[in-house]
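If you want the building blocks of each chain, they are given just below.
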2 protein chains.
Amino acid sequence: MQLIKAGTLQPGVPLPSSRDMATLMKLNRTTVVAAYDELRIQGWIEAIARKGFAISGKLPVLHPQSFHAHQHSPVKAADTPGFYKIISHEAPVQMQRKVYDLVVGDGYPDARIAPLQLLINKYRALQNRHYKHMAVINELPAGSALLRSELATFLSQTRGLNIAADNILLSRGAQAAIYLAAQMIVKPGSRVIVGVLNYSKANKVFEQLGATLVKVNMDENGIDVDRIEEICKTDPPNLLYIIPHHHHPTTVTLSPERRIKLLNIIRTYRLPVIEDDYDYDFHYENSPILPLASADHDGLVLYIGSITKMLSLTIRCGFLVAGTDLIWQAGKLKELMELRSDLLMEDAIGYLFKTGEMQRHIARSVKLYKARRDTFCNMLESRLSHILRFTNPPGGMAVWALFNPEFSLPVISKALASQGIYLNDGSLYNQGNAAVNGVRLGFAAMNEEEMEIFVLKVAECTSKISGAANM
Amino acid sequence: MQLIKAGTLQPGVPLPSSRDMATLMKLNRTTVVAAYDELRIQGWIEAIARKGFAISGKLPVLHPQSFHAHQHSPVKAADTPGFYKIISHEAPVQMQRKVYDLVVGDGYPDARIAPLQLLINKYRALQNRHYKHMAVINELPAGSALLRSELATFLSQTRGLNIAADNILLSRGAQAAIYLAAQMIVKPGSRVIVGVLNYSKANKVFEQLGATLVKVNMDENGIDVDRIEEICKTDPPNLLYIIPHHHHPTTVTLSPERRIKLLNIIRTYRLPVIEDDYDYDFHYENSPILPLASADHDGLVLYIGSITKMLSLTIRCGFLVAGTDLIWQAGKLKELMELRSDLLMEDAIGYLFKTGEMQRHIARSVKLYKARRDTFCNMLESRLSHILRFTNPPGGMAVWALFNPEFSLPVISKALASQGIYLNDGSLYNQGNAAVNGVRLGFAAMNEEEMEIFVLKVAECTSKISGAANM
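Per an unreviewed UniProt entry, the recorded name for chain A is GntR family transcriptional regulator, and the organism is Filimonas zeae. Of chain A, the UniProt comment under Sequence similarities (unreviewed entry) reads exactly: "In the C-terminal section; belongs to the class-I pyridoxal-phosphate-dependent aminotransferase family."

Caption draft 1: Focus on the sheet that holds strand S11 (residues 318-321) of chain B. All names here are of chain B. Pairing is mixed across the open sheet formed by eight strands, whose spatial order is S4-S11-S10-S9-S8-S5-S6-S7. Two strands lie at the open edges of the sheet, namely strand S4 (168-171) and strand S7 (222-223), each paired on one side alone. Pairing geometry for S4 and S11, over four bridges, is antiparallel. Along S11, the bridge assignment pairs Ser171 with Gly318.

Caption draft 2: Spatial organisation of unusual backbone geometry. With omega at -10°, the peptide bond leading from Val196 of chain A into Leu197 of chain A counts as cis. By the secondary structure assignment, Leu197 of chain A is in the loop between strand S5 (191-196) and helix H7 (200-208). Within the chain, Asp298 of chain B stands out as a residue other than glycine whose phi angle is a positive 50°. By the element assignment, Asp298 of chain B lies in the loop between strand S9 (273-276) and strand S10 (301-306). Of note, Leu339 of chain B is a non-glycine position whose phi angle comes to about 65°, a positive value. One can find Leu339 of chain B in the loop between helix H10 (324-338) and helix H11 (343-354). Exposure remark for Leu339 of chain B: the relative accessible area of 17% places this residue in the buried category.

Caption draft 3: Highlighting the packing of H7 of chain A against H10 of chain B. Between H7 of chain A and H10 of chain B, the least distance of the axes is 9 Å, while the angle of their chain directions is 115°. With respect to each other, H7 of chain A and H10 of chain B are oriented roughly perpendicular. Considering how the two elements wind past one another, H7 of chain A and H10 of chain B form a crossing that is left-handed. Note on element contacts: H10 of chain B touches H7 of chain A through Leu333, Glu335 and Leu336 of chain B, opposite Lys201, Lys204, Val205 and Gln208 of chain A.

Caption draft 4: Broad picture of the pairing of strand S9 (residues 273-276) of chain A. Residue and element names in this part refer to chain A. By the alternation rule, side chains of S9 split into Val273 and Glu275 and Ile274 and Asp276, which are all buried. Two elements, strand S8 (residues 239-242) and S9, share three bridges in a ladder whose sense is parallel. Paired with Tyr241 across the two strands is Ile274, which belongs to S9. In this view, the connection linking S8 to its parallel neighbour S9 by way of helix H9 (residues 256-268) has right-handed handedness. By the bridge criterion, four bridges tie S9 to strand S10 (residues 301-306) in an arrangement that is parallel. For Glu275, the partnering residue across the bridge sits in S10 and is Tyr303.

Caption draft 5: Quick look at a nonpolar patch on the surface. On the surface, Leu24, Met25 and Leu27 of chain A cluster together into a nonpolar patch covering about 310 Å² of accessible area. Mapped onto the fold, Leu24 of chain A is located in helix H2 (residues 18-25).

Caption draft 6: The arrangement of the domain arrangement of chain A in detail. Residues and elements named next belong to chain A. On domain assignment, one finds that chain A holds domain 1 (2-55), domain 2 (102-110 + 360-470) and domain 3 (116-356). Taken together, the 28 residues of domain 2 in the interface contact 30 residues of domain 3. For the pair domain 2 and domain 3, the summed buried surface comes to about 2500 Å²; carbon and sulfur atoms form 58% of the total. Here domain 2 is connected to domain 3 by one salt bridge. When the shortest N-O distance is used, the salt bridge between Glu285 and Arg373 registers 2.6 Å. Where domain 2 touches domain 3, the interface holds 13 residue pairs in polar contact (both at pLDDT 80 or more). Elements with a minimum of two residues in the side of domain 2 that touches domain 3: helix H12 (357-384) and strand S13 (398-403). Considering every element that reaches the side of domain 2 that touches domain 3, the biggest residue donor is H12, with eight residues.

Caption draft 7: Examining the pairing of strand S6 (residues 212-219) of chain A more closely. Residues and elements named next belong to chain A. As paired elements, S5 and S6 share six bridges and run parallel to each other. If you follow Arg191 over to S6, its bridge partner there is Thr212. A crossover connection joins S5 to the parallel S6 through H7; in handedness this β-α-β unit is right-handed. For S6 and strand S7 (residues 222-223), the ladder comprises two bridges, and the chain directions are antiparallel. Within S7, the residue paired with Asp219 across the bridge is Gly222. Linking two consecutive strands that pair antiparallel, namely S6 and S7, is a turn of two residues.

Conventions used here
Residues numbered from 1 in each chain as written. Chains lettered and ligands numbered in written order. Predicted model: local features only at pLDDT ≥ 70, side-chain atom pairs only at ≥ 80, totals over all residues. Heavy atoms only, no water. UniProt positions renumbered as here; feature names shortened; annotations may be inferred. Pairing = 2+ DSSP bridges. Helix = DSSP H or I, 4+ residues; strand = E, 2+ residues; numbered from the N terminus. Buried < 20%, exposed > 50% of the residue type's maximum accessible area, 1.4 Å probe, protein only. Axes fitted to C-alpha atoms, helices over the stretch in contact; angles between N-to-C directions. Parallel < 35°, antiparallel > 145°, perpendicular 65-115°, else oblique. Left-handed = near helix turned anticlockwise from the far one by under 90°. Contact = heavy atoms within 4.5 Å. Right-handed = clockwise from strand over helix to strand, strands pointing away. Patch = residues over 30% accessible without salt bridge, like charges linked within 9 Å, V, L, I, M, F, W, Y side chains within 5 Å. Areas by Shrake-Rupley, 256 points an atom, 1.4 Å probe, with all protein chains shown as cover. Salt bridge = Lys/Arg side-chain N within 4 Å of Asp/Glu carboxyl O. Domains from an automatic or database assignment. Buried area = accessible area lost by both parts, 1.4 Å probe. Polar contact = N/O pair within 3.5 Å; in protein donor to acceptor, adjacent residues only side chain to side chain.

As structure tokens, then:
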């Protein structure tokens with residue numbers, strides 16, 4: 001067949017009889033007959049009366065091809081116009097797995113303390129029972145009914161949200177919920193208010209959907225709400241994206257006073273809001289301030305949270321909370337985006353809530369993470385204060401650290417990588433002209449020993465740098 | 001705090017001393033002190049010199065609210081303009097789980113024969129090892145490197161695709177790959193060629209992204225490629241969506257002759273193509289015709305497949321195959337859409353391929369499904385031929401059945417549901433003006449006993465219908 005496509009065998013050329021071919025190819029004749037029949041059924045050859053088979057005359061001749069990357073790269077191939085969107089101008093790197101001895105993420109939970117065995121055992125049990133009884137699941141765009149109703153209770157108790165299961169849509173983590181929510185609101189030309197600095201992957205979502213970012217400054221009390229009101233008066237925006245607790249990356253929390261002002265602005269100017277509260281459950285000082293979504297907002301606030309942050313990076317689950325009509329429509333969109341989710345995994349997570357295991361796990365985590373934060377901040381203070389500035393975060397899983405200019409993060413990151421330690425080079429936080437030499441130091445997933453190693457290695461490689469500078 | 005927000009307690013109002021409050025509330029005084037401190041930290045109350053505490057004067061008064069659905073539904077609330085997109089005009093139904101004794105899906109695999117225990121045990125083992133060694137995973141937008149390299153080999157062997165791991169991006173099933181691929185190509189105003197009938201959720205994806213559908217008729221040899229060429233000449237489209245094997249819903253397969261013509265059209269007019277080959281591995285007659293993507297197409301064909309179809313509906317995994325540059329960009333988009341996937345589950349699937357377990361499972365499935373197809377088609381022929389017409393599908397997991405007009409599918413579907421059997425009412429296949437009284441009958445997930453029940457129940461409820469008609 002390759003020979004036919006290659007044009008080596010031209011249309012009309014008769015093929016050897018099955019007997020000759022069998023001898024020729026040293027094959028059993030029945031094999032050859034079967035092969036010919038196969039080719040005939042597929043239309044590559046045709047039977048000729050009393051002449052056996054010939055290459056079908058109906059087939060235009062093709063040139064052989066290869067799917068090799070170099071040949072198969074529309075952007076590089078000069079004769080092929082790029083027919084697809086360019087999402088990022090980063091230079092492509094080989095998409096291989098990199099394994100590190102230690103990863104200092106920008107705020108990961110410690111999966112080692114999560115009840116993952118319990119979760120996966122439950123998941124396996126559900127897989128069995130599920131199919132033994134053929135209790136097959138009907139279309140559920142919003143996700144597991146069990147998990148949604150458990151979440152409705154959990155969110156009411158922890159966040160003062162007075163909601164039912166149909167106010168909740170499950171997603172593949174908070175990022176997926178942001179993308180889904182943004183698609184529901186943002187159109188090309190929309191104007192979206194974001195803080196500076198902001199979670200860069202949220203900014204990119206809005207830009208990807210054709211929005212213009214309206215950047216508003218932030219201070220230690222959170223985003224400048226008076227500025228937001230000015231913007232609403234002069235040139236009404238289509239959306240506000242806000243992280244009320246432990247803002248990403250800076251870990252700032254919106255003050256209660258501004259929170260109340262903001263709620264008035266939202267209602268007065270009917271300003272739709274995506275409230276990304278990914279870190280709510282991990283607050284260490286006083287109890288966290290209730291989310292905007294718990295106050296009166298006429299359904300304008302879309303509330304987002306993360307279950308991934310409670311368990312492990314690999315368990316992808318988040319949620320979107322909004323009015324039932326919006327959730328219904330978002331579910332229809334989610335259906336187009338992924339048809340259905342892994343409802344059994346969502347059920348298994350639902351059981352963690354139902355049995356109280358999740359609530360106990362969160363309580364344990366908060367206790368542990370608070371201690372780790374204190375240990376880590378003490379280490380930074382006592383041993384790295386000559387290299388970086390940071391503020392002790394009221395909650396969350398990371399410290400926002402600004403390195404002194406002479407200690408360039410790309411250099412430090414590279415030096416650490418050579419020692420088996422991953423730390424982002426700061427590019428994750430540089431947004432357009434707002435270039436900073438800062439990085440989030442995720443402490444929650446590190447035990448004391450790992451913190452020791454990290455602080456030691458940073459001290460080492462920075463001393464080399466300053467050493468070099470002094471030469 | 002609720003009282004403050006409710007306005008019951010006005011700003012400036014002094015609070016009882018902690019001692020009085022303790023007596024009043026029958027609480028330990030230290031509890032009250034802590035509570036006051038909490039409120040002060042949160043900014044609800046302020047300390048007044050030698051007077052204890054008072055409600056903070058800085059707080060504008062709010063009205064209490066509820067997140068109740070009825071109040072919280074932007075579309076229903078007259079005073080709230082719908083600020084979000086309407087995705088579907090279907091009337092909202094409560095998003096609860098419906099459990100049936102028997103579900104006749106539109107082509108599901110039989111999860112009961114899939115190596116799910118093996119998969120989940122591997123998954124659990126990976127969760128352990130993974131975190132014991134802190135081998136945390138770096139950003140991998142394209143998904144598990146292991147599964148992608150295993151797939152590269154598998155797809156080369158089964159589909160004649162000459163690809164490397166970097167030509168592959170993993171997704172949450174084929175639907176997610178369609179959405180991702182469509183987003184890479186479709187802009188508002190794009191023109192997308194689709195067959196009539198076509199997989200309705202693909203049509204909806206293109207329309208959702210702002211495209212206009214250019215509908216081309218199909219016959220028993222697949223889509224009308226000459227018509228496609230005319231369109232390319234007169235008014236070049238931006239994309240062609242095609243299902244080469246067992247087209248959805250009609251199970252038609254593109255003839256080799258048209259396939260080759262189409263490849264010439266693709267190259268001549270530089271027509272980008274999404275080739276949705278979700279069913280390739282389940283072909284029962286001769287071996288399937290190689291996909292368009294295996295021929296010379298200058299990187300214009302984006303090839304999509306499903307691993308969910310090999311295992312179970314709840315294991316969400318599919319793949320997109322294209323040039324490395326396109327895959328890199330698509331990975332960047334996927335990152336915005338869901339940050340990362342469950343790489344350990346993808347790894348576990350990778351091991352199924354690596355050990356050959358998946359290949360053996362597919363071989364077993366094909367054998368079983370072929371037998372089930374024959375049994376099912378015989379049942380339909382012998383016992384339901386007075387009710388419906390169908391063609392014996394060359395592969396896939398469903399039979400496309402057109403019910404005679406007097407047997408309306410919504411009625412039959414309703415009658416079956418009352419007996420614990422799910423069958424789509426045909427709405428899944430009605431596209432705009434192309435209303436059909438047809439439905440896909442998924443046979444692959446039914447054993448003979450279940451087929452018996454289904455055929456029996458359909459015969460019963462349709463005899464009632466014709467009985468009623470004859471009265």
